[in-house]
Amino acid sequence: MKEVWTTLASMMGVWAFSQSLLQVVFPPEIRFAILKIIHRICNWFSAYCYYDITEIDGVNTNELYNAVQLYLSSYACVTGNRLSLTRGLNSSSITFGLSNNDSLIDAFNGVKVHWEHVVTPRNSQTFSWRPLPEEKRGFLLRAKKKDKSVVLGAYLDFVMEKANEIRRKNQDRLLYTNSRGGSLDSRGHPWESVPFKHPSTFETLAMDPQKKAEIMADLLDFANGESFYQRTGRAWKRGYLLYGPPGTGKSSMIAAMANFLGYDIYDLELTEVHTNSELRKLLMKTSSKSIIVIEDIDCSINLTNRKNNSSSSSSSYNVSPPGSGGGSNSEDGGGNTITLSGLLNFTDGLWSCCGSERIFVFTTNHIEKLDPALLRSGRMDMHIHMSYSSFAALKILLKNYLGYSEDDVEKELLDQLEQVMWRAEMTPADISEVLIKNRRNKDKAVWELLEVLKTRAERNDNKSNNNAVKSRENNTIEDEEQVKRALLVESPKEGGGGGDELQEKCDKEKEGHEVNDDEKANTKK
């Protein structure tokens, strides 16, 4: 045994002497060239090629590294034995990732690739304005040489697309609003954002199920229609107009659309936009896969129907609410005006094509006040009437607030609700308030809702009857006056002096009608 250790020590000594001799005889440049040649020979006979994807490219973050990390998270949770769990900012779920120096195998269109997460300590760094992490991270991708074109082309594009999809799914929606007066935030952006956590969905939206199904199908066709829009030469955008009385769920519809598609929302406040150029800059700073909302467009900007406003000779409109003085000036003394053409170009002009997969949503309580140029297809493609609650919408509200299905309510009570529902003309907001107030006593909530609906229906019926009676009275008075005018025209031809007497009689009867109308009004009061 002693001889074995002696022989081994001798061999190690010879190796150390030979290594020292080689370093003296062969300079570092020659040694590096020899190793490079050996490495090329090995690569020449190897069937694989390798790709390094580092976390930091120079001083900038490598987006491909983050995309690969997200993409592999969907496979690591299934095949990996050791996982790294993370939860990002504004994220509602936990992300799984490869642990340090772990690996897995992925397949794409019959091509197998090998991923390895390589983490090594970084050498002590010198002074730098931007300190680097203590560890050097990256992914090592190994694939066969014959599959090189597939890996560098379709596969990496697929990884990026899948990563963006996972990012949108995991990250909560964001609600943006334009900064006051067009100012920029700390990052130089004109939009300020907060997490958007509105719980409204199409399942909880109080609306006719058939109409909801049509809207959802239209949204899906838009989201999956990239190839269609490219083939037809149209910009990948779509416009929706939500109109109807207040409280019918227009804002809830917008939130449901955002949650259904996974889009961010840009709430554009036109009163904070001074010029058309600022409007274009705001549009350029919006991201794809987003919903751009202009709520109550008939109140925030005075774009009335030009056919009904013949006195207006200019296409420039004040961006102050109607009735607020019209020509009010901004804080800096200049007028805040946006031309109609500027708003139209914002929605359907060349500048609207600077992004893709965006939805424009306008809301209004009075559709008749909007200019027809805004209502045509291409600007507001789909008009959605948010009307009073129907019986189908009422059943959804009962399920949302009370947990009642159609079988949980008595058949007789349901029939009464259905009969009075269309006459009551109550909005979902009004019905929701009754249910919320009595949600601790579910039976009482339903019966009280029935009483409220009956009261509202009777009031609407009386109002309709009064309007009908008044209309008939007005028509009768007008008919009598027309007959008397005809008699007045004929009486001078007869040569008699009764024309003046007949005129006085008509005037007295007319005054009598007016007195009777005043007495009726006082009696009603």
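None of these values were measured; they are calculated from a predicted model.

Student: Can you explain the sheet that holds strand β9 (residues 173–178)? Please cite residues and give values.
Tutor: Strand order across the open sheet formed by seven strands is β10-β9-β12-β13-β16-β11-β17, with mixed pairing between neighbours. Whereas interior strands pair on both sides, the edge strands pair on one side only; in this sheet they are β10 (191–196) and β17 (382–385). When strand polarity is set aside, the average angle formed by the axes of neighbouring strands in this sheet is 20°. Here strand β11 (residues 237–243) pairs with strand β16 (residues 358–364) via seven bridges, running parallel. Paired with Lys 237 across the bridge in β16 is Arg 358. Its contacts with the sheet place helix α5 (residues 209–223) against β11, β16 and β17, and it is angled at close to 160° to β11.

Student: Give a detailed account of the packing of aromatic side chains, specifying residues and quantitative values.
Tutor: Inspection of every chain in the model, using the stated rule, returns 13 aromatic pairs. Ring centres 5.8 Å apart and planes at 80° place the aromatic pair Tyr 71 and Phe 158 in the edge-to-face group. Linking Tyr 71 in helix α3 (residues 63–79) with Phe 158 in helix α4 (residues 148–170), this pair joins segments that are 87 residues apart in sequence. For Tyr 71, a relative accessible area of 0% puts it in the buried group. With a centroid separation of 5.5 Å and an interplanar angle of 55°, the aromatic rings of Phe 108 and Tyr 155 are classed as tilted. Separated by 47 residues along the polypeptide, Phe 108 in strand β6 (residues 103–108) and Tyr 155 in helix α4 bring together distant segments of the chain. The two residues Phe 108 and Tyr 155 agree in class, both being buried. These aromatic residues form a ring-pair network of at least three members: Tyr 65, Tyr 71, Phe 108, Trp 115, Phe 139, Tyr 155 and Phe 158. Positioned above the aromatic ring of Tyr 48 is the side chain of Arg 142, whose terminal nitrogen or guanidinium carbon lies 4.6 Å from the ring centre.

Student: Can you break down the pattern of salt bridges residue by residue, with the values?
Tutor: Once their charged atoms are close, side chains differing in charge can pair, the charge on each being opposite to the other. Going through the model one piece at a time under the given rule, you end up with five salt bridges. For the salt bridge of Asp 218 with Arg 238, the shortest nitrogen-to-oxygen distance reads 2.8 Å. Of the two residues, Asp 218 is situated in helix α5 and Arg 238 in strand β11; the sequence distance between them amounts to 20 residues. As far as the burial class goes, Asp 218 and Arg 238 line up, both buried.

Student: Describe the pairing of strand β12 (residues 264–267), listing the residues and the values that go with them.
Tutor: By the bridge criterion, three bridges tie β9 to β12 in an arrangement that is parallel. Across the sheet, Thr 177 pairs through a bridge with Asp 267, a residue of β12. Alignment of β12 against strand β13 (residues 290–294), held across four bridges, turns out to be parallel. Counted as the bridge partner of Ile 265 is Ile 291 from β13. A crossover connection joins β12 to the parallel β13 through helix α8 (residues 276–284); in handedness this β-α-β unit is right-handed.

Student: Describe the confidence of the model for the protein, with residues and values.
Tutor: Of the residues in the protein, 71% have a pLDDT of 70 or more, and the chain-wide mean is 77. Mean pLDDT in the protein bottoms out at strand β14 (residues 316–318), which sits at 47, and peaks at β17, which reaches 94. Within the model, pLDDT remains below 50 along residues 310–317, and this stretch shows twelve contacts once partners closer than five positions in the same chain are excluded.

Student: How would you explain the environment of Thr 201 if you had to name every residue and give the values?
Tutor: For Thr 201, the position within the fold is in the loop between β10 and α5. For Thr 201, a relative accessible area of 29% corresponds to the partly exposed category.

Student: Account for the sheet that holds strand β7 (residues 111–121), naming residues and giving values.
Tutor: The four strands are arranged β1-β8-β7-β6 in an open sheet whose pairing can be described as antiparallel. Of all strands in the sheet, those bounded by a partner on one side alone are β1 (48–54) and β6. Ignoring which end each strand starts from, the neighbouring axes of this sheet average 25° apart. As defined by bridge partners, β6 adjoins β7 across six bridges and the pair is classed as antiparallel.

Student: Break down the side chain of Lys 212 for me, with residues and values.
Tutor: Positionally, Lys 212 belongs in helix α5. Engagement of the side chain of Lys 212 in a polar contact is seen with the backbone oxygen of Phe 202, the distance being 2.7 Å. There is a polar contact of 3.0 Å between the side chain of Lys 212 and the backbone oxygen of Leu 205.

Student: Lay out a nonpolar patch on the surface with the relevant residues and their values.
Tutor: Together, Phe 17, Leu 21, Leu 22, Val 24, Val 25, Phe 26, Ile 30, Ile 34, Leu 35 and Ile 38 make up an exposed nonpolar region whose accessible area comes to about 970 Å². Secondary structure elements with two or more residues in the nonpolar patch: α1 (2–25) and α2 (28–45). Counting residues per element, the nonpolar patch draws most heavily on α1, at five residues.

Student: Tell me about the environment of Glu 269, and please be specific about residues and values.
Tutor: By the element assignment, Glu 269 lies in the loop between β12 and α8. Sequence-wise, Glu 269 and Asn 178 are 91 residues apart; in three dimensions their C-alpha atoms are separated by 6.6 Å.

Parameters at a glance
Counting from 1, residues in each chain are numbered in the order their sequence is written. A pLDDT threshold of at least 70 governs which residues receive local features in this predicted model, and a stricter bar of 80 or more applies before side-chain atom pairs are shown or counted, although totals over entire chains, interfaces and linings include all residues. Calculation of side-chain values draws on the structure's entire complement of heavy atoms; hydrogens and water are dropped beforehand. For two strands to count as paired, DSSP must find a minimum of two bridges between them. Helix numbers and strand numbers start at the N terminus; a helix is a DSSP run of H or I with at least 4 residues, a strand a run of E with at least 2. Every angle, taken between N-to-C directions, lies between 0 and 180 degrees, and every axis is a line fitted to C-alpha atoms, over only the stretch in contact when it is a helix. We call two residues contacting when some pair of their heavy atoms lies within 4.5 Å. Within 6.5 Å between ring centres, the rings of Phe, Tyr and Trp (the latter by its six-membered ring) count as paired, and their orientation is classed by plane angle as stacked under 30 degrees, edge-to-face over 60, tilted in between. For the exposure calls, accessible area comes from a 1.4 Å probe over protein chains only, and a residue counts as buried if that area is under 20% of its type's maximum, exposed if over 50%, partly exposed in between. The criterion is that NZ of a Lys, or CZ of an Arg, lies within 6 Å of the ring centre and within 35 degrees of the ring normal, and then a charge sits over that ring. Every case where a carboxyl oxygen of Asp or Glu lies within 4 Å of a side-chain nitrogen of Lys or Arg is listed as a salt bridge. The path from the first strand over the helix to the second decides the hand: if it runs clockwise while the strands point away from the viewer, the crossover is right-handed. pLDDT expresses, on a scale from 0 to 100, how confident the predictor is about each individual residue. Here a polar contact is taken to be a pair of N or O atoms separated by no more than 3.5 Å, where protein atoms must pair a possible hydrogen donor with a possible acceptor and residues adjacent in sequence count only if both atoms sit in side chains. Patch membership is restricted to residues that have no salt bridge and whose relative accessible area is over 30%. Joining uses 9 Å for like charges and 5 Å for the nonpolar side chains Val, Leu, Ile, Met, Phe, Trp and Tyr. Here the Shrake-Rupley method, with its probe set to 1.4 Å, supplies the accessible areas, and only the displayed protein chains count as covering residues.

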